[in-house]
Structure formats: C-alpha cells, structure tokens
Amino acid sequence: MSLLARDTEAGRPATTAARSIAALPAPVPAPEPVPVAPNPPTKRSARPALSAPPAKRRELLPGPPVTQVKLPDASPSFSARVTAAIASAPAPALSKQPDPRTRLPTKFQASAFAHMKSGRPPTLKAILTCPVPLKTRQHVVEMFYEEFLRIYTPAMAHKPTAPHQHAVRQEQDLLHKSTKATYSQVASGIMKRLRARPVAENEKDTGIDGVWKPKPGARSPHEIPMELLLPLVASPDELRNLGYPTRPNPEDPEAAISLPSELPVQGENQKCDRCSKNFEPKWPLEEGDDTICKHHWGYLRTVNQEGSKFRLWSCCHATIESEGCSLGPHVFKEEQTELLEKRIPFKTLPKSSPTSKKIVGIDCEMSYTTGGMELTRVSVIDYDGARLIDELVRTTFPVLDYNTRWSGIDNLDKARYDLDGVRELLDTMLSKETIIVGHGLENDLRAMRIFHEQIIDTAALYPHPRGLPERHPLRLLTQKVLGRFIQQGQNGHDSIEDAKACLDLVKHKISKGQFC
C-alpha cells in the first residue's frame, strides 16, 4: 500500500513525501524478449590472399590438422560450452617417426667430425654443445679405431680409410645413444662386442656395431695372414737367449739329452724360489712347514722421495732390506732342461695334419710341487679368439703351493687330465708347423715338457728399452699398446684373457708394421 493511499484511507491529509511519490510517472513494464534472426551473410569484395592456401598451410605447420568442433547452439554458460568442445575433440595422433636427432644421416661424412690422417687414429673435432669431455671421446674413438683396424685387415687394400670412417661413425652413434652419465658404460659394451667380432672375410664384410650382422650358420674359418706372421717367428738364437728349452742338437730331433745320474733332493741342493734359503723338499709337510718361508710376493720398484731414489716392494711398500710380509712353505723350480727331462721327459709335437691349426695363443698356469713347478692349467685359443682347450691338469708330484695369487687355482678336484693326457689332447690340434703365440712362453713349454721352435713371444716382439733380461709385464704392455686392462681381478690371472691379449698384440704389430 502506497503512502498516499494509506493516508487517504486513514482520513489524514497526504504528507509531502506521499504527494511527491504520487507525482512520479508510473513505471513502464519491460517488453517481452523478441527472437533475433541471424544476419544473412554479406558479400565481401575479393582481396589478394595474404597467406598460403589451407592445403599448403598444413604442409608447413607440424602436427595433425586442426579438428573443427561445432559448439552446441544452446548451452547453459560459456564455460560449459568450452568444456563440451574439449571433451568432444579427438586426441591428436602421435607421430611414429623417430626423432632425427637420435640417428645419423644415411650419407655420413667422417671428415665433418674429425681430422683424419693415414696411419694414425682420427682426431675428433670439438663440439661446443657436447656434454662429454673431448678427451674422453678421443680415447674412445682411438680404441674403436684399433679394433676396426684389426677387423678390416683383409679389406684394407680395397677400403684403406674404412677403420677411420667407421671409428668416427661408431663414436657419433654412441654419442647419440648415450648421455654424459652413460657414455663410458655404453662404450664399454660396444668394445666388448667389437673385440669378440671376427676378422672380416672381404671388403663387403664391414659395418659398425649395431649395423654389422654375422652370417647365419656355422662359423667359417677366416684367412690368416701367414705371410705377415712368419717374419715375427723367433729364430733359434733368439729362443736360446730368451731361455727356451731346446735340444742339444737341433738338427737331430731324436738326439738324447745327457741326464744327471741323480736328482738333487737334498736340502743343500735346493734353493727357495721366494726367500732364496736352502731347504729340503719333503712330503707330507710337518707342523710349521707351511709358514716357514717369509717373503715378499710383489716386485721391486723405484720411487723418488725428496730428491732421492728408493727401491720399495710393491706388495707392502717396504724397503728392499725389510723382512718378508707373507708366509708360506719353501718352494723351488728348476730351469735346466737336463733336470726337467730327468723328472718328466720332454716331447715334440707331431707332424702337420688336416686338423692342425696354423696359429694358436697359449697361456699356462703353474703350481709348486715337491718336484718343482708343474703345469696345473692350460688354455689354447685360435687366431680369432675362440676357445679350443681350457683344462685343469693333475700334477705328477704332491702340491706344496697352488700359487693361487697368480694362478687363481686352489684345488684340482675338477681336473680331467694329467700331463700325458693333456699333451695327447694338444697333439690333436697342434703340430710342428703350428705357430704358438704367448708372453714368456719358455716357462709354459717347460711346464708342458714340449720342445717347439715356431714361437712368437710378445716379450721379444715388444722389447724392453734396457734389453734382456728386462721385460715388459703383459699387463702393462696390453695397457700401453692396446689401451685395455687385464689381470685386474683379485682371484688370480685368467689364462684365456692373457692368451687373447697376446694374439691381439701380434695383430696390432702386423697392422702397424714390424717397426711400430
């Protein structure tokens, strides 16, 4: 009820406020909403195109074409329309093509990534955005180069730059497949596969790791460069200077060796090979005999301290005059062919046969017995590194010390052969014409009691600067020449690994020339 009506009904005169409100015009009611028809399309004048046609635009822009989504005509709100549009739009398809950054171009130019010079490993160019240090990459590409040089030996006449090209490409492939944290680990796996890879059969049998595929079926023998290997065989005079066991009359293989009437078995006639004290070999050992010898198991090395040179033992870093740091039984070894022949006779390998190998790598492990040092393991591999023989050997005399620190042997329970049995096994694969490769093989031949003259000794192939009797240890020689580490375990040497290292040193020599 308005103020004016209320005052009139009460019989009172209208107030000023009521008269003012009554004087106002009556409110106009809101009109009903009228639906508006959509505007008809207007004709626009033709204008020159400012952008590419739709078809070409899709070619230029990456990704799938944009899907046109029709919004509903009537929807509660703007946000609801947007939500409905997103829900109804199909998900864009993912591209199945690999990222081109993760693979190398088909036409690879190694010169774009490295400087190459004949006879030398490639030198990588620096990449500013590469997270891996250039020094690390250069070391890896040099190892790749050495392996490709070995693998491509038969193909060098037709593809002299193949080792350079594939070493660089292998490193670039490694760089794309790894990160800074995984680079060295992935490189190590590639090196293992390259080292196990056989020599190429021809110029078509090439390819980096991951591209090259071995031929299906049986593993065929590869051509051995005998014309390059024969000049490396030591002469008879060299073998005698190296201390190899030889017959008194090499021209008469059947000539008998003059033997001593009695074997030296008394204490005054035996000298401990470790502490140089005289002792009497006996068996069984009595209480305290297994710890009677105090000796240093390491080697002497020269150390500079405060301007002075000292000779220290590598095992305990003590001076040369110090007492031994290890305990064990007294042991001895004999090197005179006459004494060795008296205990266990020597023999020669048979004549060549169809099953004889042209060249093998051999490494043996020996243990100390009451009869001196005897063979306890023999390992033989072929030119490509395939294992031919790897057997433990029972000794003829009781074992005093298995020499476990170096041999890795602590028992012969699994030995299937004695010395005669393993020599018969060797006769099925070796002959007088077989070239035997090894490091310091004079000790191995003494242990096997075999006379042989076709020898390539890596100790003579890579002589020490000071000459004989100084020699490079196989471990250091392999690290220096081949850039790989062997004999790193704590459980003795692996004779298969040592034999492979010797063969690889020979292959390196023939690939670089005899004056490398």
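The present account deals with the structure reproduced in this document. (Residues numbered from 1 in each chain as written. Predicted model: local features only at pLDDT ≥ 70, side-chain atom pairs only at ≥ 80, totals over all residues. Heavy atoms only, no water.)

1. Observations regarding the overall build of the chain
Then, number 1: For the chain, the helix and strand inventory stands at 16 helices and 15 strands.
Then, number 2: Counting across all 516 residues of the chain, residues that qualify as buried make up 38%.
Then, number 3: With an accessible surface of roughly 32400 Å², the chain has 54% of that area assigned to carbon and sulfur atoms. (Helix = DSSP H or I, 4+ residues; strand = E, 2+ residues; numbered from the N terminus. Buried < 20%, exposed > 50% of the residue type's maximum accessible area, 1.4 Å probe, protein only. Areas by Shrake-Rupley, 256 points an atom, 1.4 Å probe, with all protein chains shown as cover.)

2. Section: the side chain of glutamate 442
Then, number 1: Here glutamate 442 is to be found in helix 13 (residues 441-448).
Then, number 2: Residue glutamate 442 is classed as buried on the basis of its relative accessible area, which comes to 7%.
Then, number 3: Looking at glutamate 442, its side chain comes within polar contact range of the side chain of arginine 471, at 3.0 Å.
Then, number 4: If we skip the residues at most four places from it in the chain, glutamate 442 touches Leu242, Gly243, Tyr244, Pro245, Asp457 and Arg471. (Polar contact = N/O pair within 3.5 Å; in protein donor to acceptor, adjacent residues only side chain to side chain. Contact = heavy atoms within 4.5 Å.)

3. Focus: the pattern of salt bridges
Then, number 1: Tallied over the full model, the rule gives 20 salt bridges.
Then, number 2: Across the salt bridge formed by arginine 343 and glutamate 334, the nearest N and O atoms sit 2.9 Å from each other. Each member of the pair, arginine 343 as well as glutamate 334, is classed as buried.
Then, number 3: A salt bridge links arginine 423 to aspartate 420, with the shortest nitrogen-to-oxygen separation between them at 3.1 Å. Here arginine 423 and its partner aspartate 420 are both found in helix 12 (residues 419-427), 3 residues apart, which amounts to about one turn of the helix.
Then, number 4: Using a relative accessible area of 45% as the deciding quantity, one classes aspartate 420 as partly exposed.
Then, number 5: Residues joined in a network through salt bridges with shared partners are Arg377, Arg387, Asp390 and Asp494. (Salt bridge = Lys/Arg side-chain N within 4 Å of Asp/Glu carboxyl O.)

4. Things to note about the side chain of histidine 464
Then, number 1: Position of histidine 464 among the secondary structure elements: in the loop between helix 14 (458-461) and helix 15 (474-482).
Then, number 2: Assessed through its relative accessible area of 17%, histidine 464 is described here as buried.
Then, number 3: Only 3.1 Å separates the side chain of histidine 464 from the backbone nitrogen of arginine 466, close enough to count as a polar contact.
Then, number 4: Aside from chain neighbours lying at most four places away, what touches histidine 464 is Glu470, Arg471 and His472.

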